[in-house]
Structures are given as C-alpha cells and as structure tokens.
Amino acid sequence: MKFDVVVVGGGAAGVDSAVAARRHAPDASVALISPAPDLFYRPWLVYLPAAAVPSQDLSIPLPGIATQHGFVYVKDGVGVVDPVRREVVLASTGERIEYSQLVLAPGAPADRRRIPGADKHALFPCDRTEAALLFSRLDEMTEGTVAFLLTGERIGPGLEYAGWIARTLRATGRDAVRVILVEHGDALDLQFGARAADKLVSVAGALGVETVRHARPARIDSDELVLSDRAVGAELIAVTSPLRGPDLGLPSELLDVRGLLKVDDTLATPSFRDVFAAGDFCDVQGIGMEPPKTWIMARLQAETAGRNAAAALTGDRAVGINRAKVARMAAISMPDVGGRTLFVRNRKPVVGGSWPLRLRYRMDGKYLSQYRDRPGAVRPVR
Ligand SMILES: Cc1cc2nc3c(=O)[nH]c(=O)nc-3n(C[C@H](O)[C@H](O)[C@H](O)COP(=O)(O)OP(=O)(O)OC[C@H]3O[C@@H](n4cnc5c(N)ncnc54)[C@H](O)[C@@H]3O)c2cc1C
C-alpha cells in the first residue's frame, strides 16, 4: 500500500494533521494509522473521578472522522519507521506502508523510570489505562492518603486531578482520605510563576488538598514517597509526569535524550525533509523556547505539519510555525482545580474564580463538536 501522506497517531496532533493535509491537498491520498479506534480527549480525564462528564463523551470514533474528512483510517500501531525506504511497518501484521510524506504524531507516554521506584510503585494517570486504574483504586478508598507528585514535562494534570478528587471525596463524605500534592523542586513556580503558584496552592487548599512545596524526591517505595528530608506516606501515589518518545525504531541521531523527534520550525526533521512531527512527540528546535506539551500546541503544530506535508507533494515552499502564536498560547494557562481556576499569563496571575473556566469550556465544546457525529457533553457539570 502507498499513500501520499501517512500520519502516525490518532490524537489531537494526528487527526488535525490528516485534516490539514487533505484541506491543503484535496486530491492527495492520506492515511492515518492508530491502534486506538478513537480520538480521545485527554484534558477531560481529570473530570472522571467526579463523574462530571460521561466517560463515553471523551471518545470520538476515528472511522467517522476519516470518512467525514476523506482520509483512510488504518487500525494498527506502527512498530518501525524506515525513513530511508520511506515506509512504516505495522506492529501487528508486519505490513509495510509506503509514503511520500510522513507526519509522526504518536504522542509521548509517561517516562516511568525517571523517578526511581516509580515504575513499580506509582501510577501514571496521564496514560489512559493508568487513569482507569487510579479511578478504581480511589473508588475503594475510605481512608488513607493519595499523593500526586508533580514532576517532569507535564505537571498540570496532577494539580487538576487533586482538586477534582478532593472535591469528590468531600462530596461523598470520605473525609478520612487525604489528598497531598508534592511539588518536585520549583515545578509549580517554573510553570506558573511564583505568585500564581502560591495562589493555585491556596485554591487547591480550599478544597482540602495539602501541598508539600519544593520537595526533592529520592525514590518511591510501595507505601511512601521518599524525599531528601522526609517521607510522605501514601497508599496511592500518582506521578504526573515525565514524558518520553515511543520507540518507533528511528535512528537515535534524529531523537533528543527523551526520545522525542528533533524538528526545525517547519516541523520537518533536518535530515529527512519528508518526515514531519506534531504534538507531544516533537521537540521543536531553534524557535527560542520549548512549546508546552498541550492539546492547543498539538493542534497548532498539526496545522503546520499537515500543511507542509501537503505542500511538499506539489513542490510548494514549506512555512515555519507561527512563532508569535506559539508564544502567545504558551504564555497562557488555566488549570481547572476542582471547578475553580486562576487565569495565568506570562507567569503572572490575571484573574481567579470560576468564570474564566467558561472560556476554556467554550473552547472544549467547540473542538469536540467539530469532530463528533452525535451530541455529547460540551462542558463538565460542576
Ligand atoms: C490528564 C491530562 C490532562 C490534560 N489537560 C490538558 C489541558 O487542559 N489543556 C491542554 O491543552 N492539554 C492538556 N493535556 C495535554 C494534551 O492532552 C496533550 O498535549 C495532547 O493529547 C497531545 O496530543 P498528541 O496527539 O500529540 O498525543 P496523544 O493525544 O497522546 O495521541 C497519540 C496518538 O498516537 C497513537 N499512537 C501511539 N503510539 C502509536 C504507534 N506506535 N503507532 C500509531 N499510533 C500510535 C495513540 O493511540 C494516540 O491515538 C492533558 C493531558 C493529560 C494526560
């Protein structure tokens, strides 16, 4: 089989890349390969402990999106990418699919080994299956402690999970379960700025979440998080989350130390101009900043990667990603801590409360409605 554009991954980046490639090259044959049969809306995972959205509303079947946007959906994982032969090898059948242009968007699973002992004793609820495990273990808890270690590239979900879980525990009368956030080093300050970090800690505190600031985690044991100066006992320990690139058999010189694909501002790899990356899997170099690993950023990158893959088919010039927009979106964060937020811009608190969340919910609803083939929740019930 051969396609003009092959997209690997069916998340935010993969789907938007395939759609952009088709939009910019309407006659091109485009295939999207993903083992998961749905586009899964990860930002809403944090609402599931509170049953604030129905779980089925996080999933949008890929076959429907493919039909609607004119690309082929192949349900399989890619085991190996061979950029020299310009082909990918499917993981379960071994079938080879050739491409003219390739967009790699397989996401970035948790790096389970960056914190010693975490692999064995902690859950990584940024990954879908581990989130389900966290929820079922939480359901059984009537006392004890659940601790979230905020570390690595993606700390936001830990803060959000803690807020929604604390809120749910109080609502269900399970006051004997403690929720503790443990900040690795200055993780909160680095992401939100010192003043906003303090405010977010007090938003979480109002819901009953305790916080250990500026901790130095040494390792995770079966029932405790061992810090440089103390240990935090916990029956359930979750880590959110260091990230790493999935193994696609790519030459190591194309990858950074985390296994993410190094790309320039056109989102192409310098040594294979027909291989692009988008979303969590890409390490964009030479734009003066590392874009955060977010849904919004994945979509921005997908627009550029899909457009450039399409342009290469017709010999058109590749364009660089819109740096101003990347910087603007990277400067904004609005974590949903149990239904309350702080709107943070340029690492400074702008406005708090619950109303800025309406903007976020509007964006969620708009995005989901674009791909859904049936009605579904457009915001959490608070
Ligand atoms: C709990 C949580 C909350 C979040 N909250 C927010 C938020 O509020 N706002 C925000 O902007 N971002 C948020 N994010 C981040 C956001 O979800 C990610 O940045 C985004 O999902 C990245 O999209 P992606 O397409 O690169 O990767 P993913 O969404 O991880 O998709 C990867 C896709 O690739 C497929 N795949 C994996 N391996 C292979 C393979 N070998 N071959 C083929 N396909 C493969 C997977 O099945 C999946 O379809 C959150 C993330 C989590 C986990």
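Predicted model, so just to flag it, every value in this text is computed and none were measured.

## With respect to the overall build of the protein
Part 1 of the argument: When its secondary structure is counted, the protein shows 10 helices and 22 strands.
Part 2 of the argument: Dimensions of the protein, computed from the C-alpha atoms along their principal axes, are close to 60 × 40 × 40 Å.
Part 3 of the argument: Split into buried and exposed, the 382 residues of the protein put 46% on the buried side.
Part 4 of the argument: Sequence separation of at least 24 residues holds for 66% of the intrachain contacts in the protein that already meet a minimum separation of 6.

## Observations regarding the domain arrangement of the protein
Part 1 of the argument: Splitting the protein by domain gives domain 1 (2-35 + 76-108 + 244-330) and domain 2 (118-243 + 336-354).
Part 2 of the argument: Here domain 1 and domain 2 have C-alpha centroids that lie 32 Å from each other.

## Section: the site of the ligand
Part 1 of the argument: Taken together, 32 residues form the shell around the ligand, and within it Gly-9, Gly-11, Gly-107, Gly-279 and Thr-294 come nearest.
Part 2 of the argument: Among the secondary structure elements, those contributing two or more residues to the shell around the ligand are α1 (12-24), β2 (30-34), α5 (156-171) and α8 (295-314).
Part 3 of the argument: Of the residues assigned to the shell around the ligand, the class counts are 19 nonpolar, 10 polar and three charged.
Part 4 of the argument: Two domains each put at least three residues into the shell around the ligand: domain 1 (2-35 + 76-108 + 244-330) and domain 2 (118-243 + 336-354).

## What to know about the packing of α1 against α8
Part 1 of the argument: α8 packs onto α1 with a crossing angle of 35° between their chain directions and a minimal axis gap of 7 Å. Like other packed secondary-structure pairs, α1 and α8 cross with a definite hand, here right-handed. Between α1, through Ala-12, Ala-13, Asp-16, Ser-17, Ala-18, Val-19, Ala-20, Ala-21 and His-24, and α8, the contact on the second element is made entirely by Trp-295, Ala-298, Arg-299, Gln-301, Ala-302, Glu-303, Ala-305, Gly-306, Arg-307, Ala-309, Ala-310 and Ala-311.

## What to know about the pairing of strand β21 (residues 341-345)
Part 1 of the argument: Here β21 lies mainly inside the structure; four of its five residues are buried.
Part 2 of the argument: Strand direction decides the pairing type here: strand β20 (residues 332-333) and β21, joined by two bridges, are antiparallel. What sits directly across from Ser-333, in β21, is Val-344.
Part 3 of the argument: The loop that links β21 with its antiparallel partner strand β22 (residues 348-353) comprises two residues; one of these, Asn-346, has a positive phi angle of about 50°.

## Some points on the sheet that holds β22
Part 1 of the argument: Taken in spatial order, the three strands make up an open sheet running β20-β21-β22, and their pairing is antiparallel. Two strands in the sheet have a free side with no partner beyond their single neighbour: β20 and β22.
Part 2 of the argument: Taken together, the five bridges between β21 and β22 define a ladder with antiparallel strand orientation. Each bridged residue has a counterpart across the sheet, and for Arg-345 the counterpart in β22 is Lys-348.

## Thoughts on the packing of α8 against helix α9 (residues 323-330)
Any two packed helices are characterised by how steeply their axes cross, that is the angle between the axes, and by the distance between the axes.
Part 1 of the argument: Axis separation between α8 and α9 bottoms out at 10 Å; the angle between their running directions is 170°. As the angle between them shows, α8 and α9 are arranged roughly antiparallel. On the side of α8, the interface is formed by Ile-296, Met-297 and Leu-300, while α9 contributes Lys-325, Val-326 and Met-329.
Part 2 of the argument: Considering only residue class, the contact of α8 with α9 consists of five nonpolar, no polar and one charged.

## Overview of the sheet that holds strand β15 (residues 236-240)
Part 1 of the argument: The four strands lie next to each other as β11-β10-β9-β15, forming an open sheet whose pairing is parallel. Each edge of the open sheet is held by one strand with a lone partner, namely β11 (209-215) and β15. Neighbouring strand axes in the sheet, compared pairwise and without regard to direction, differ in orientation by 20° on average.
Part 2 of the argument: Taken together, the five bridges between strand β9 (residues 144-150) and β15 define a ladder with parallel strand orientation. By the bridge assignment for β15, Ala-147 is matched with Ile-237.
Part 3 of the argument: α5 rests against β9, β10 (177-184), β11 and β15 of the sheet, and its axis sits at about 165° to β10.

## With respect to the environment of Leu-58
Part 1 of the argument: Mapped onto the elements, Leu-58 comes out in the loop between β3 (38-40) and β4 (59-61).
Part 2 of the argument: Look at Leu-58 and you get buried, because 21 C-beta atoms sit within 10 Å.
Part 3 of the argument: As for Leu-58 and Gly-376, which are separated by 318 residues in sequence, their C-alpha atoms are 8.9 Å apart.
Part 4 of the argument: Ignoring anything within four residues of it in the chain, the contact list for Leu-58 reads Phe-40, Tyr-41, Trp-44 and Val-53.

Rules used in this analysis
- Residues numbered from 1 in each chain as written.
- Predicted model: local features only at pLDDT ≥ 70, side-chain atom pairs only at ≥ 80, totals over all residues.
- Helix = DSSP H or I, 4+ residues; strand = E, 2+ residues; numbered from the N terminus.
- Buried ≥ 20, exposed ≤ 12 C-beta atoms within 10 Å, placed from the backbone.
- Contact = placed C-beta atoms within 7 Å.
- Domains from an automatic or database assignment.
- Near = placed C-beta within 6 Å.
- Nonpolar A, V, L, I, M, F, W, Y, C, P; charged D, E, K, R; others polar.
- Axes fitted to C-alpha atoms, helices over the stretch in contact; angles between N-to-C directions.
- Left-handed = near helix turned anticlockwise from the far one by under 90°.
- Pairing = 2+ DSSP bridges.
- Parallel < 35°, antiparallel > 145°, perpendicular 65-115°, else oblique.

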